[in-house]
Amino acid sequence: MDIIMCGVGGQGTVLASRVLGDTAMKQGFQVRTSEIIGMSQREGSVVSQVRIGHDLNGPLIPDQAADFFLGFELAESVRNLEKLGPQGIAIVNTQKIVPPSCYLGASSYNEPALLDYLQKQVPTLILIDALELARQAGNLKAVSAVMLGAFSAVYSEIAAAEIANELIEKLPEKLKDINTRAFELGKTYAEG
Amino acid sequence: MTRKLLLGNEAIAHGAIKAGIRVATAYPGTPSTEVFSTLINFAEEFDFHAEWCVNEKVALEIAYGAAISGARSLVSMKQVGLNVAADPLLTGTYLGVKGGLVIVVADDPGPHSSQTEQDTRNFANFAKVPVFDPADPQEALDMTIEAFNISERYHLPVILRPTTRVCHVCQDVNIPETYFTSPKARFEKGSDYVIFPNVSRRKHSDLIDTLQNISEDFSTSAFNLTEGEDDRGIVCSGVSYYYVKEALQRLQVKPAVLKIGTPYPFPDKLVTSFIKDKQSLLVVEELDPVLENEIFRLVGKTGIKTELHGKNDRLVPGVGELNVDLVEKVIATWLGKSLPEMSVAEKPELPARAPILCAGCPHRASFYAIRKAAGKKSDVVFTGDIGCYTLGTMPPLSAVDTCLCMGASITEAQGIGRAEPGRKTIAVLGDSTFYHTGIPGLINAVYNQYPLTLVILDNSTTAMTGFQPHPGTGQTAMGEEVPIVDMVKLIEGCGVKSIKIVDPVNLKAAVQAVKESLDYQEPSVVIMKRECINLPGHKAASNPVFVDEQKCRDCGLCVTEIGCPALVMEKGQKPRVFETCVGCGLCVEVCPFDAIQGGGR
Ligand SMILES: Cc1ncc(C[n+]2csc(CCOP(=O)(O)OP(=O)(O)O)c2C)c(N)n1
C-alpha cells in the first residue's frame, strides 16, 4: 500500500506520516516512510511517502504507483499528482497557501485551473475543505487530523479508531480533544 | 528484541547505545543532526557523555581523544563537516585508536540541503578509513554495532556513511537486547600517539597491511549479499539496492545482484568471484562511481573480460538522487528492453514555492537595514555565509552576493577587498557560524589591517538545523546552564575597536550602525541581536500588526520592500495581514504613511 502526502512545510505531513507508520507497524505490517527534512520546511514544498505491507523495498514510491494521495494544499497536489496510480484515490484539501512569489509578481496561483486539472485527471477525487473543518474543530492547525480522518474513511486495512488513537497519543494533552473532533469531522465528510 | 518505528538517524543512535558508547560529540548538519539529538535523550540513562561541539574538527578530536583512552566514541556530522575535520581524520587513522571510534558522516545525493554532492566513500578511500554504507535504518543500526567491533579489532577509526534516504527514512526496526559494556577508560602513557615523520612511515606501512586484512574480512561480511545466478550482474550499494530490486520486479527480469555494504577497503575476493563469469555488468550507485572504479581496478588486476556499464559510460546519471523509475529505465536500456511511455497531461502553471525567511524572522530586518545602509544602488559586495540567512539572497532583500562554506563570509570579503582596493564589502554571518569558523578570519582581518565590516546576525540559536544551542547561548546539549562565551569580549579580544549591538527591528539605529561601520577605517563589527521567533519558549505574537485603510495609499512598499509572508497585497486591494504575523513591526517602520500599526513586543 503506497501513500503520498504532500503540502507546504508546517502543515503537519511529517506528523501524519509518523502516525500512519506507527499504526501500521503495531498492526504487524512492515513500514517505510520518507521525507525531506531541512530547508524545505520553511514554507517550501514538502512530500512524505508512506509504504505499508510485507516484503517492502525502498522508501520511494515510483510514479503513478500510489494507491492513496493526500494533498494537504491545492497547488502542491497538482505539483505531485504524477505519483498517483491510475486506480488510486485522491483526497485533496482545497486550502490555498499562496507563496510570496505570487504577490511579488514572480509567479501566479490560478485556483480554477488547478481545480479543473484535478477534476479532469483524477477519477476518484475527494475535495475537502480541511481548513474549515479544522476551524470547526477548534484549531486551524488540526488540518492534518482532518486529513487523517478522511483517509481513514477510504482505507480499509486498518480500523479508523487505531489511527485516531495513535494520533491522539502523539499529541500534548491540551490538543487531544480538538484533534479528536477534527479527525471525526474529516472521517464523516469523506464517508458522506 | 524490541521492534520500533525509527528514523535511520535514530536507529544509528540506538546502535551506538547498544555498542556501549562512552562519549558522543557532534556539530549539527542536515541530514545527520538527529543521530546526536537522539543520543542526548539517552545519555543520562546509559551514562555516557554527550556534547554539541563548536565545529566538526573539534568534535572529531574530542571523540578521538576519548577513543585513544579506550572509550568507545561516536562523532556525527554532515558530509561537508568532514572537510573541516579532515586534518585529525587522516593523522588519526595512521596513529589508530584503542576504544572503537565511529564517525557518522551523512551524504546528501540530490543535494537536498547541502553545498556539494561529495561522496564520503571516496573520502574514506583517500583517508584510508574503512567505511560502511547502510541501505536502510535496520542495516544502519546493525552496521553501527559492527563498525565499533571492526574499529576495536583493527584499532582504526571507522566511518558509517548513511545517505538522506537512510537518515530520514522510518522503518520498523528490531533493536537487540544485548548491550556491550566497555572497560574503564584509561590513557596509557608511552603508547605511541605522537606523530613524527619516522612514526608516520611505519604506521603507514602497517595501515596498508591492515587494510588488506580488512578487505579479506569484508569479503565474507554479512552486509555484502549476492542474489541470483545469471551471466548478467548488477552491483549496487546503499538505498540503490532497493531501487534495483523493485525495478527488477517491475521489469520481471532476473540478473544476478551483488549488494556491497562495505565499499572500502573493497572486498576484492568477493567481487572477483561475482564478476568472473559475467558477460555484462551494470553498477548502480549514487554520487561518485566508487564501486564502478574499484571494479575497473579489479578487471585490470585479474584480466577478467566483461562489459562494465554505469556512470563512466553515462548510462547511470552522474548527479542527483536515484529512484525506482530512473533505475528501471537504466536497467531496461542495459538489457535492451523497451518500457511503456508514461503520459502525464500538461499541468497548469504552478506557483513557485522556494523556501523563505519566516514571518517575523529577525534576519529580514537585518538584511533590510544592511541594504539601506549600503544605499539603494550601491556597489557594496555582500559576502554571505551558511545558515537560514543565506535566504537573504532572494528578492526583494537581495543582500547576499556570495556563499561558499561556513565562515567564508569574513575571509571572502578580505579577498575581494584586496583584489579591488577601495571596493566596499559587508560580511554577514550567523552566531553559530561565527563560533564555528568565523573567529580565525576575524583575527586575520585585525592582524592584516583589513577594514572589515562584519555584521553578525545573533538570533541566539543554530536555527537552520533545528535550534541547537552553541557557546553564545549559555546552554549545553544536555540542557545545563553554563556561562556564555561572550561574543563581545571575544571580538574585543581579537583587537576590534568598534563593536555595536543593535536590535535590527529598530531600523534607524540598525542602519546607522552599519553606515558607521562602513565608514570606519579599521575592522568593525555590528551585532544584530534579536531572538529567532521559532525558539521554543519564544512568546508568540501578542500584538500582530493591522492596516489602517484610511491612511494606506496603496503604494505597496510594505510588500515589495521586505517580502514578509505574513503580509500580502492583491491587485486593487489593501494589504492584508495573515495569522502568521508575530508583530515584529518591521513593516510598521517601512510604511511611509504610518498606515501599518500595532506590532512590537
Ligand atoms: C561544515 C558545515 N557544517 C555544518 C553545516 C550545516 N549548517 C548549515 S548552516 C548551519 C548553522 C547556522 O547557524 P547560524 O549561523 O546561527 O544561523 P541561523 O541558521 O541561526 O540563522 C549549519 C550547522 C554546513 N553547511 N557546513
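Each helix and strand counted, chain A has 8 helices and 6 strands in total. Counted from the first residue to the last, chain A has its helices and strands arranged as β-α-β-β-β-α-β-α-α-β-α-α-α-α. The C-alpha atoms of chain A give 16 Å as radius of gyration, which agrees with the globular expectation for 192 residues (16 Å, within 12%). When each of the 192 residues of chain A is scored for burial, the buried share is 60%. Within chain A, contacts between residues separated by at least 24 positions form 64% of all contacts whose residues are at least 6 apart in sequence. Taking the average place of the 16 positive charges on the side chains of chain A and the average place of its 22 negative ones, the gap between the two points comes to 5 Å.

Turning our eyes to something else, we now look at the packing of helix α7 (residues 160–169) of chain A against helix α8 (residues 173–191) of chain A. Residue and element names in this part refer to chain A. Here α7 crosses α8 at 150 degrees, and the two axes come no closer than 10 Å. For the element pair α7 / α8, the angle class is roughly antiparallel. Note on packing geometry: the crossing formed by α7 with α8 is right-handed. Touching Ala160, Ile163, Ala164, Leu167, Ile168 and Glu169 of α7 are Lys176, Asn179, Thr180, Phe183 and Lys187, all from α8. Its residues assigned to classes, the contact of α7 with α8 shows 6 nonpolar, 2 polar and 3 charged.

All names here are of chain A. Along the chain, Ser152 turns up in helix α6 (residues 143–154). The buried category is assigned to Ser152, whose relative accessible area is 6%. Looking at Ser152, its side chain comes within polar contact range of the main-chain oxygen of Gly149, at 2.6 Å. Other than its neighbours up to four places away in sequence, Ser152 contacts Ala160, Ile163, Phe183 and Lys187.

Quick look at the site of the ligand now. Residue and element names in this part refer to chain B. Around the ligand sit 26 residues in total, of which Glu56, His363, Asp431, Thr433 and Ala463 are the nearest. Within the side chain of Glu56, a nitrogen or oxygen atom sits 2.6 Å from a nitrogen atom of the ligand. In this structure, an oxygen atom belonging to the ligand sits 3.0 Å away from a main-chain N or O atom of Cys388. Out of a free accessible area of 600 Å², the ligand has 97% covered by protein chains.

Right, let's talk about the pattern of salt bridges for a bit. Inspection of the entire model under this criterion finds 46 salt bridges over all chains. Here A:Asp116 and A:Lys120 are joined by a salt bridge, their closest N and O atoms 3.0 Å apart. Taken together, the residues span about one helical turn, with A:Asp116 and A:Lys120 both in helix α4 (residues 111–121) at a distance of 4 residues. We note a salt bridge from B:Glu227 to B:Lys245, for which the minimum N-O separation is 4.0 Å. Here B:Lys245 lies in helix α10 (residues 240–251) and B:Glu227 lies in strand β9 (residues 225–227), a separation of 18 residues in the sequence. Looking at B:Lys245, the relative accessible area reads 26%, which means it is partly exposed. Salt bridges sharing partners connect three or more residues here, namely B:Asp107, B:Asp119, B:Arg121, B:Asp133, B:Arg161 and B:Glu285.

Right, let's get into helix α7 (residues 137–154) of chain B. Residue and element names in this part refer to chain B. Look at α7: 25 Å from first C-alpha to last across 18 residues, which is about the 26 Å you get at 1.5 Å a residue. Of the positions making up α7, those classed as buried are Pro137, Gln138, Glu139, Ala140, Leu141, Met143, Thr144, Ala147, Phe148, Ile150, Ser151 and Tyr154. Phi for His155, located one or two positions after α7, is positive at around 55 degrees.

This paragraph deals with the sheet that holds strand β10 (residues 232–236) of chain B. Residue and element names in this part refer to chain B. Spatially, β9-β11-β10-β12-β13 is the arrangement adopted by the 5 strands of the open sheet, whose pairing is mixed. Here the strands that pair on one side only, and so sit at the sheet edges, are β9 and β13 (307–309). This sheet shows a mean twist of 15 degrees between the axes of neighbouring strands, independent of strand direction. Looking at chain direction, β10 and strand β11 (residues 256–259) are connected through 4 bridges and run parallel. Across the sheet, the residue bridging to Gly233 is Ala256, located in β11.

Across the sheet, which stays open at both edges, the 8 strands sit in the order β6(A)-β5(A)-β4(A)-β1(A)-β3(A)-β2(A)-β8(B)-β1(B) with mixed pairing between neighbours. Each edge of the sheet is formed by a strand with only one pairing partner; in this case those strands are β6 (124–128) of chain A together with β1 (2–7) of chain B. Across the sheet, the mean angle from the axis of one strand to that of its neighbour is 20 degrees, orientation sign disregarded. Across 6 bridges, the pairing between strand β2 (residues 30–35) of chain A and strand β3 (residues 45–53) of chain A is antiparallel. Paired with A:Thr33 across the two strands is A:Val50, which belongs to β3(A). The strands that α7(B) touches are β1 and β8 (169–175) of chain B; relative to β8(B), the one it contacts most, it runs at about 50 degrees.

Cut-off values and rules
Residues numbered from 1 in each chain as written. Chains lettered and ligands numbered in written order. Predicted model: local features only at pLDDT ≥ 70, side-chain atom pairs only at ≥ 80, totals over all residues. Heavy atoms only, no water. Helix = DSSP H or I, 4+ residues; strand = E, 2+ residues; numbered from the N terminus. Rg over C-alpha atoms; globule rule 2.2 N^0.38 Å. Buried < 20%, exposed > 50% of the residue type's maximum accessible area, 1.4 Å probe, protein only. Contact = heavy atoms within 4.5 Å. Lys, Arg positive; Asp, Glu negative; His and termini not counted. Charge placed at Lys NZ, Arg CZ, Asp CG, Glu CD. Axes fitted to C-alpha atoms, helices over the stretch in contact; angles between N-to-C directions. Parallel < 35°, antiparallel > 145°, perpendicular 65-115°, else oblique. Left-handed = near helix turned anticlockwise from the far one by under 90°. Nonpolar A, V, L, I, M, F, W, Y, C, P; charged D, E, K, R; others polar. Polar contact = N/O pair within 3.5 Å; in protein donor to acceptor, adjacent residues only side chain to side chain. Near = heavy atom within 4 Å. Areas by Shrake-Rupley, 256 points an atom, 1.4 Å probe, with all protein chains shown as cover. Salt bridge = Lys/Arg side-chain N within 4 Å of Asp/Glu carboxyl O. Expected span 1.5 Å × (residues − 1). Pairing = 2+ DSSP bridges.

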